[in-house]
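Given next are the chains, with one letter for each unit.
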Amino acid sequence: MAKESAAQRVERIKKEKNGLDVLKDIYVYAVLGEEVHPEDIDRFKWYGLYTQNRNLQAEDDPTLYFMLRIKLEHGSMNLEQMREVSALSKEYGRGTADFTTRQDIQLHYIQVKDLPEIFRRLNEVGLSTIFAAGDVPRNVITCAVSGIEHDELYDVRPIVDKVNDYLRGNKNLSNLPRKYKIGISACHKHCMGHEIQDLSFTAVPCDCSDKVLFDVSVGGGLASAMGIAHHIGFVTPSQILPIVKAVSTIYRDHGLRENRRKARLSHLIKEWGIEKFKEEVIARSKVAIKEQKIMEYTPYAKREHFGIHDSKEKAKSYIGCAINGGHIGSQGLEKLANILEKHGATTIKTTTTQNFVVKDVPTKNAEDLANELKTIGIDAFPSPFKARTLSCTGLNFCKFAISETKDKAISLATHLEKKFPNFNETVSISVNGCPNSCAHPHVVDIGLLGLKVKNKEGITVPGFELILGGNLEGSKSNFGEKVKIKFLPEDAEGILENIIQKYIDSGENSLNKFLKE
Ligand code: SF4
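Notes on the structure follow.

Scoring rules and cut-offs
Residues numbered from 1 in each chain as written. Predicted model: local features only at pLDDT ≥ 70, side-chain atom pairs only at ≥ 80, totals over all residues. Heavy atoms only, no water. Helix = DSSP H or I, 4+ residues; strand = E, 2+ residues; numbered from the N terminus. Rg over C-alpha atoms; globule rule 2.2 N^0.38 Å. Buried < 20%, exposed > 50% of the residue type's maximum accessible area, 1.4 Å probe, protein only. Contact = heavy atoms within 4.5 Å. Areas by Shrake-Rupley, 256 points an atom, 1.4 Å probe, with all protein chains shown as cover. Lys, Arg positive; Asp, Glu negative; His and termini not counted. Charge placed at Lys NZ, Arg CZ, Asp CG, Glu CD. Near = heavy atom within 4 Å. Nonpolar A, V, L, I, M, F, W, Y, C, P; charged D, E, K, R; others polar. Pairing = 2+ DSSP bridges. Axes fitted to C-alpha atoms, helices over the stretch in contact; angles between N-to-C directions. Disulfide = S-S within 2.5 Å. 1 Å grid on protein atoms, 1.4 Å probe; cavity = no way out; pocket = protein on both sides within 12 Å on 5 of 7 lines; lining within 4 Å. Points joined across faces, edges and corners; volume = space filled by probe spheres on them.

## A few points about the overall build of the chain
Okay, step 1: Of regular secondary structure, the chain possesses 15 helices and 18 strands.
Okay, step 2: Taken against the 2.2 N^0.38 rule, which gives 24 Å for 517 residues, the C-alpha radius of gyration of the chain at 22 Å falls within 12% of a compact globule.
Okay, step 3: Across its three principal axes, the chain shows a C-alpha extent of roughly 65 × 65 × 50 Å.
Okay, step 4: Within the chain, the proportion of its 517 residues that are buried is 60%.
Okay, step 5: Contacts spanning at least 24 positions in sequence make up 67% of the contacts within the chain whose residues lie at least 6 apart.
Okay, step 6: For the chain, the exposed area adds up to about 21400 Å²; of that, 50% sits on carbon and sulfur atoms.
Okay, step 7: Across the chain, the 71 positively charged side chains and the 68 negatively charged ones have centroids separated by 3 Å.

## What about the site of the ligand?
Okay, step 1: Close contacts around the ligand come from C392, T393, G394, C398, F400, A401, G433, C434, N436, S437 and C438, and that covers them all.
Okay, step 2: In terms of residue class, the shell around the ligand is made up of six nonpolar, five polar and no charged.

## Quick notes on the sheet that holds strand 4 (residues 98-99)
Okay, step 1: Taken in spatial order, the four strands make up an open sheet running 1-2-5-4, and their pairing is antiparallel. At either margin of the open sheet sits one strand with a lone partner, and together these are strand 1 (49-51) and strand 4.
Okay, step 2: Taken together, the two bridges between strand 4 and strand 5 (residues 105-110) define a ladder with antiparallel strand orientation. Each residue of the ladder has a partner; that of F99, found in strand 5, is I105.
Okay, step 3: In the packing of helix 4 (residues 79-92) onto the sheet, contacts are made with strand 2 (66-70) and strand 5, and the angle to strand 5 comes to roughly 20°.

## Side note on the state of the cysteines
Okay, step 1: On inspection of all chains with the given rule, the structure shows one disulfide.
Okay, step 2: The disulfide that involves C206 links it to C208, with 1.7 Å between the sulfurs.
Okay, step 3: Here C208 falls in the partly exposed class, since its relative accessible area comes to 26%.

## Digging into the side chain of H108
Okay, step 1: Tracing the backbone through its elements, the reader meets H108 in strand 5.
Okay, step 2: Among the residues examined, H108 registers a relative accessible area of 1% and is labelled buried.
Okay, step 3: Beyond its immediate sequence surroundings of up to four residues, H108 is in contact with Q52, F66, M67, Y92, G93, T96, D98, T393 and F397.

## A closer look at empty space enclosed by the protein
Okay, step 1: For the structure shown, the criterion picks out one cavity of 30 Å³ or more.
Okay, step 2: R303, E304, H305, T351 and T353 are the residues nearest the centre of the largest cavity, which is lined by 17 residues in total.
Okay, step 3: Counting residues per element, the ones that place at least two in the lining of the largest cavity are strand 11 (316-321) and strand 13 (356-362).
Okay, step 4: Class assignment for the residues of the lining of the largest cavity results in six nonpolar, eight polar and three charged.

The structure is reproduced here in structure tokens:
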């Protein structure tokens, strides 16, 4: 009999037992302490669990450790949630906690025996891991300052709630061809990154009763789904949910399941053509998608909300903060919650750049709060290098990783801050442990992609490859290009310093333009 392909194996596993149904097995494994069946390990993803690599694990430690991704709807975490996640991280995750590019938070070193208690405690504070991973709709991303930013075009929070209510643990969508990513935002800076979502809705002003329409874009993505999303027209706020339902079920019913690398929505659109896809969306949703002039979008490097800003809430401010590569940890979460509480704030909203916004600071306390955050390494007025430096999970925990990322991201930002204290143009940097590109290296100014390189002795060791000039800006978006420079991790600081110095010496006024040329 012919050997099963990777895609056939995954499709069979999903068919034989729905990913959502693995929850009862998790409880049994936890109680009996039996070895987890490899096919159930795959299904564990439906509850946010991935096995982690053994890189930091003692050779004589046979324990199977997992990464646990906790879903933060709207990217939101209140004080109670921060403290509970911090406590869980301390008790079960060796103090690990990192914000992700989908506004989630993930812990490491999680063991199956502890999952019932972890799930119970997350549930008690209103958090969940359902659909945080697997072939399902992932966390719906949105702007961190929705509902509190004066210049936003529309408050999308009720729409995001409706879409979340439809998607959350929906058994009809629990066997999609692959992961599926939706974003909804009315941010005037377009911070969500609609160009790389499978399905996104971005508000544009209009002379109509709602004063706003939403640009519907489909089929964007990175890695195996690499491509800028196609704009298919505009809808009203109340038409967003019908469109979500239509696109989700079209993808479920017709997505290409024969090859994992061709299973994302973008590949179905490529096979059908955008016109046929749009016709099917209109037929299923019964929404007459409108035509209108496509708007200009903010370039990627300017899509941020750092600093102290007046909120729409009376006597409140919001503070956009940077935390390098999303690395916060158990202690960081606990300290953050204590500082927020001391100054009368209650909630953070994570961003798609692994940073966060403190949502509701009494205006009279905003400066003091920002100053105190600085004492724990969180900057409301970050250097251009710290502001937009992303990093993926990397070698410490990810099974696919070739190179370490989190420490490297911090080291790069620190080095560049010291070398260029007066540089004031925002730079976007992304450090990735392998070519899978989880931290978006193709859409930033300077991307590092983990791969094997040869050292001076000719020995193959972990290193990086350079990608330059990526940018998201609506129809003017472009992916960065590999520039045939491969290097050892210890040379990364010098190489990036060189790039910035050359840009300064060139006298140009746009780093991204300089890097593209
Ligand atoms: Fe892992 Fe590679 Fe993704 Fe980094 S880019 S998290 S190393 S799969």
